[in-house]
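Residues per chain, in single letters:
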Amino acid sequence: EITDEWEASIQQAEEAAEGGEGGEGEEGAVAMDNLEVGPVVQDLPRTPREYVSETAEDSAAAVDRFKVENSRSLVAIQVSRARRHFGAPVKFTDAPGGQDATLTVRPQKDPNFSQTQERMELDRGIQAVHKVVTSATQTTWWRPVNAAIQYRPEDFCHTEVQGRYEEVDGLAEFLTGVSTAVEEALQQNETVDIFKPEFANLGDEDATGFGSKNHSNIKEVRNFHDVAYTKGKRVEAVQWIPQEHNYLACSTVDNISFYDRVEHMGKATISHVLLWSWNESLAPHAILLSPWEVTAFKFWPWDRHFLIGGLSSGQLAIWKLSDYELGVSVGQKNARGATQADDDRKGHHQPEIRERMLSTIDDSHKRPVMALEWLPAKLEIAQRKGRTTEANPEDGPVKFLVSTAGDGQMLIWDVKSAIDNLTESDVPFKPLHKVQLQRQDSGTEMGCCQLLYAPAAPEQAEKPKEEGAKKQKKEERVHSCFWASTEEGELIFGDWAAKGEEDRKPEVIKRMSTVSKTFRPMLSLEKSPIFGDILLGVTDWSFFLWREGVEQHLFQSCYASAYFTCGCWSPTRPGVIFLGRLDGQLEVWDFLDQSHKPSFSHQVASGALTCLQFLKQEKRGHSEQRLAIGDEQGHLHVLVMPANLVKEQGKEKPYMLDFFDREERRVAYFAERRTRLEGLREEIEKHAQEADAAAPAEEGDDAALADMESQAMKAAEEAYQKLERQFREELGLTDN
């Protein structure tokens, strides 16, 4: 409206400016001058009016199109119940209060339908039709009903009790008579195990048979593993704590590849030796800290509170443990077998022990320590040239420890002197004697990975020329001999106190066996606990048996389906050998049963087994034979051996001795036969050369040569007939 008024005023002013004559023209000009430019806005009250929408009808028609109207009549349903159910008594209980209170409604039990009944799912298709069928079903309502009855004593017992008071004395007499027998029966049930097998008390020969393998029954009783200290690591070595059967220790190393290990070479890290208790399988009860990975360790036989470990840097470390840190011999053990230290440590942090002494790195090995071996307590080793004598008492403390590594050095350490000077920080820990093993053909270093002390090997000592020096020479040489295995799988026998001549170096290595050479390190080298002269050597694909004084091996096993990783002898049975494999199986070889293949295998873990260690039966009261096994996944398994693998079967020791003697005779026969054939071959070659050089023209020479060949064939036939007769006599096949 304001705009319209403004436009109308402008139009009137223009008409006045263009208007008539005289004064009217002047008045129109004045009106144009006084006319304001632009509209004038005035603040006036707004008058409310009715809203008129131009699209109201279209919107209502669009909404009507989306409406769904019923084309059928509605169905009326009435739900009712019988009159007799009205006013039924109902029992209410108090529900738990609170805002978060919930009430669980459980379904009613119907015996007609079992909860374990299988229900079959069916796929069906249906089609809607106009026909409607009305049906009804009737079900049984199983609901619990609370009911109560009331009785009076006169109803059933008032009349019967009247005449039975005189039977009380008879009942008391009966109970008095049978009380003793009932008490004995109850005590017998308390003391006798009714679930024990009936044939458990029979002898092993009667129950399991001779060399039987049908019932191995190897059981795993413990599996030690810790998420913080063993995850992603490999158990490298394991040892049982001396004089205890519920405590053991293991060292862990990083489970990484060779290339990753080369990248981290030379970098100091924190490694651990874990002490485990039988009552704590998920966490170690003590932790030994080391600046380098512990590749081998042993407890001091004289005092178990000292532990000596070989490190990956080539050094030796000494830890001192207290009774509380060991967790043993502190107070009396309770009914569960746990000590007071175990009960006090639960819920607390495990103690961490640092090494007390570390050998000087310049005087130690250049490569990781691979093996440690204690020398007998009676030995005394001179610092100059390592001469060994029996100068100490046999029941005295063990003084010397021998270590070897891949650098080809054998170091002899005086551990007792180091422990005595443990508090003196200015006394260095150095080896007493060093021996460098070298190959005689090339002069290169011979890296060693296993080591055994040979306390007596008189056949290896050289005979002196003078009679007076014979006893001294034999004594020095016998007590300084050792067996070792190289990184290429060879077995060597040497003497660390060997003397050299004026123009020659000392010949430390006296003998070498290359039959086990696999260009890979020998995994295990152990001496039989029953036969002191029998050695076991385990390589990747097979194991070998040697005898001291015999140049060739006595036995070689067949190739295994998986790589061997470790092995050991049975501590009680002379003919049983345990071997760990790469696939986590434990092979058991029983030579009384068969020698061409293992008797049976037992699955221990999913990864490779790394080490085996039996518990020494120092206490007669402990009858279980336990085997500790470490794997590459950081688990430490403890297995209990069954009776047929623990107790010696019949005359097992004489049979195994005959087996070794027979194999030794076989080796000697083949050696003699080989020598004879080589001599015969040389003789034939010599005659052939003489015949070619002389070039005989007469036929008599040909006849003489043919006669010589026929005589050689006749001699070979006679030797064969003699061997056949001897074989038949040994087997009892001779004709009477």
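Rules of the game
Residues numbered from 1 in each chain as written. Predicted model: local features only at pLDDT ≥ 70, side-chain atom pairs only at ≥ 80, totals over all residues. Heavy atoms only, no water. Helix = DSSP H or I, 4+ residues; strand = E, 2+ residues; numbered from the N terminus. Contact = heavy atoms within 4.5 Å. 1 Å grid on protein atoms, 1.4 Å probe; cavity = no way out; pocket = protein on both sides within 12 Å on 5 of 7 lines; lining within 4 Å. Points joined across faces, edges and corners; volume = space filled by probe spheres on them. Nonpolar A, V, L, I, M, F, W, Y, C, P; charged D, E, K, R; others polar. Salt bridge = Lys/Arg side-chain N within 4 Å of Asp/Glu carboxyl O. Buried < 20%, exposed > 50% of the residue type's maximum accessible area, 1.4 Å probe, protein only. Polar contact = N/O pair within 3.5 Å; in protein donor to acceptor, adjacent residues only side chain to side chain. pLDDT = per-residue confidence, 0-100. Pairing = 2+ DSSP bridges. Axes fitted to C-alpha atoms, helices over the stretch in contact; angles between N-to-C directions.

**Student:** It is not clear to me how the side chain of Gln350 should be interpreted in this structure. Could you clarify?
**Tutor:** Within the secondary structure, Gln350 sits in the loop between helix H9 (340–345) and strand S9 (352–353). Those residues in contact with Gln350 that lie beyond four places of it in its chain are Ala283, Pro284, His285 and Ile287.

**Student:** Can you walk me through empty space enclosed by the protein in this structure?
**Tutor:** Gaps between atoms show up when a probe of the same size as a water molecule is rolled over them. Within the structure shown, the criterion is met by one cavity of 30 Å³ or more. Approximately 30 Å³ is the volume found for the largest cavity. Glu373, Leu375, Val402, Met410, Leu451, Leu452, Tyr453, Phe482 and Trp496 are the residues that line the largest cavity. With three residues, strand S17 (residues 448–454) is the largest single contributor of residues to the lining of the largest cavity. Grouping the constituent residues of the lining of the largest cavity by class yields eight nonpolar, no polar and one charged.

**Student:** Explain the pattern of salt bridges to me, please; I cannot follow it from the model alone.
**Tutor:** Oppositely charged side chains are able to pair whenever their charged atoms sit close together. Evaluation of the coordinates by the stated rule reveals 27 salt bridges. Here Glu488 ties to Arg439 by a salt bridge, and the two come within 3.4 Å at their closest N and O atoms. Of this pair, Glu488 sits in the loop between strand S18 (481–486) and strand S19 (491–495) while Arg439 sits in the loop between strand S16 (433–436) and S17; the two residues are 49 residues apart in sequence, bridging distant segments of the chain. Exposure remark for Glu488: the relative accessible area of 26% places this residue in the partly exposed category. Take Arg439: its relative accessible area is 16%, and that puts it in the buried class. Put simply, Glu548 and Lys527 hold a salt bridge, and the shortest N to O gap is 3.7 Å. Placement of the pair is Glu548 in the loop between strand S23 (543–547) and strand S24 (555–556) and Lys527 in strand S21 (residues 524–527), with a sequence separation of 21 residues. One network of salt bridges, with partners in common, ties together Arg439, Glu488, Glu490 and Lys517.

**Student:** What should I look at first to understand the side chain of Gln594 in this one?
**Tutor:** Assignment of secondary structure puts Gln594 in the loop between strand S27 (585–590) and strand S28 (600–603). The exposure class assigned to Gln594 is buried, which follows from its relative accessible area of 13%. Here the side chain of Gln594 touches Pro598 through a polar contact of 3.0 Å, landing on its backbone oxygen.

**Student:** For this particular structure, what's the right way to read the confidence of the model for the protein?
**Tutor:** Interpretation of the predicted coordinates at a detailed level should be avoided for regions scoring low in pLDDT. Per-residue confidence for the protein averages 79 on the pLDDT scale, and 78% of its residues sit at or above 70. Counting interchain partners and residues more than four positions distant, the pLDDT-below-50 stretch residues 463–477 has 15 contacts.

**Student:** Can you help me understand the environment of Leu379 in this one?
**Tutor:** Mapped onto the secondary structure, Leu379 falls in strand S12 (residues 379–381). By relative accessible area, which is 1% here, Leu379 ends up buried. Sequence separation between Leu379 and Asn392 is 13 residues; the distance between their C-alpha atoms is 6.0 Å. Here Leu379 is in contact with Thr388, Thr389, Glu390, Asn392, Phe400, Tyr453 and His479, once residues within four sequence places are set aside.

**Student:** I keep staring at the environment of Leu612 and nothing clicks. Help me out?
**Tutor:** In this structure, Leu612 sits in strand S29 (residues 609–614). Among the residues examined, Leu612 registers a relative accessible area of 9% and is labelled buried. In this structure, Leu612 is in contact with Cys566, Gly567, Cys568, Phe578, Leu579, Gly580, Leu586, Leu627, Ala628 and Ile629, ignoring residues within four places of it in sequence.

**Student:** Sorry if this is basic, but what is going on with the sheet that holds strand S30 (residues 626–631) here?
**Tutor:** Strand pairing within a sheet occurs via backbone hydrogen bonds; the two strands may be parallel or antiparallel. Pairing is antiparallel in the open sheet, where four strands are placed in the order S1-S31-S30-S29. The sheet is open, and its two borders are formed by strand S1 (219–224) and S29, each paired with just one other strand. Across the sheet, the mean angle separating the axes of adjacent strands is 25 degrees when strand polarity is ignored. Here S30 runs beside strand S31 (residues 636–640); their pairing, made up of five bridges, is antiparallel. Across the sheet, the residue bridging to Leu627 is Leu639, located in S31.

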